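Okay, here's what each chain looks like letter by letter:
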Amino acid sequence: SKKKQMKFGLMMEDYLQNRENLKQVFLLIDFRHDPTDDDLLMYKFLKHYNIPVTIVATKIDKVGITSHQKQRATILEALDLVVGDELILFSSVTKTGKSEIYEKIERTK
């Protein structure tokens, strides 16, 4: 419901603004589609508060390999990542990107 969405949004906003030991946010987006308005809004919100972000594009196994570069470029263009943020392509099926995510977590400890 709209009321629950509002309540959850306020809770997330409070957490992201006030969590002193927050070092990194992993923002999951669906690789099969262009970033949604919500994806863009969340990324801009995180950047407004100078929170480091790693974009994890999920379900890459659902997109043909020949389309990967084009879709990757589309996502990067839409989000306009700032220096230091990165995009990791991920598949839970093939485990592509899993080690990159673990390495990123280890580096931010």
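Residues numbered from 1 in each chain as written. Predicted model: local features only at pLDDT ≥ 70, side-chain atom pairs only at ≥ 80, totals over all residues. Heavy atoms only, no water.

Draft legend 1. Quick peek at the side chain of Thr58. By the element assignment, Thr58 lies in strand S2 (residues 53-58). In this structure Thr58 comes out as buried when scored by relative accessible area, which is 18%. Each residue touching Thr58, except ones within four places of it in the same chain, is listed here: Leu28, Ile29, Asp30, Phe31 and Phe90. (Helix = DSSP H or I, 4+ residues; strand = E, 2+ residues; numbered from the N terminus. Buried < 20%, exposed > 50% of the residue type's maximum accessible area, 1.4 Å probe, protein only. Contact = heavy atoms within 4.5 Å.)

Draft legend 2. Main features of the sheet that holds strand S1 (residues 25-30). Taken in spatial order, the three strands line up as S1-S2-S3 in an open sheet, and their pairing is parallel. Edge strands, defined here as strands with exactly one partner in the open sheet, are S1 and strand S3 (86-89). For this sheet, the mean inter-axis angle between neighbouring strands, taken without regard to orientation, is 25 degrees. With six bridges joining them, S1 and S2 adopt parallel strand pairing. When the bridges of S2 are listed, Asp30 appears paired with Thr58. Contacting S1 and S2, helix H2 (residues 37-48) crosses the sheet at an angle of about 165 degrees to S1. (Pairing = 2+ DSSP bridges. Axes fitted to C-alpha atoms, helices over the stretch in contact; angles between N-to-C directions.)

Draft legend 3. Main features of the layout of surface pockets. Of the pockets and cavities examined, the largest pocket occupies roughly 420 Å³. Looking at the largest pocket, the residues that line it are Gln5, Met6, Phe8, Gly9, Leu10, Met12, Glu13, Leu16, Asp38, Leu41, Met42 and Phe45. Residue assignment for the lining of the largest pocket shows that the elements contributing at least two residues are helix H1 (2-18) and H2. No other element matches the eight residues that H1 contributes to the lining of the largest pocket. (1 Å grid on protein atoms, 1.4 Å probe; cavity = no way out; pocket = protein on both sides within 12 Å on 5 of 7 lines; lining within 4 Å. Points joined across faces, edges and corners; volume = space filled by probe spheres on them.)

Draft legend 4. Local environment of unusual backbone geometry. Phi at Asn50 is positive, roughly 55 degrees, even though this residue is not glycine. Locating Asn50 in the fold gives a position in the loop between H2 and S2. Judged by its relative accessible area of 67%, Asn50 is exposed. Even without a glycine there, the phi angle at Asp80 is positive, about 50 degrees.

Draft legend 5. Spotlight on the pairing of S3. Where S2 and S3 come together, four bridges link them in parallel fashion. Across the sheet, the residue bridging to Thr54 is Glu86, located in S3. Crossover connection from S2 via helix H3 (residues 68-79) to parallel S3: handedness right-handed. (Right-handed = clockwise from strand over helix to strand, strands pointing away.)

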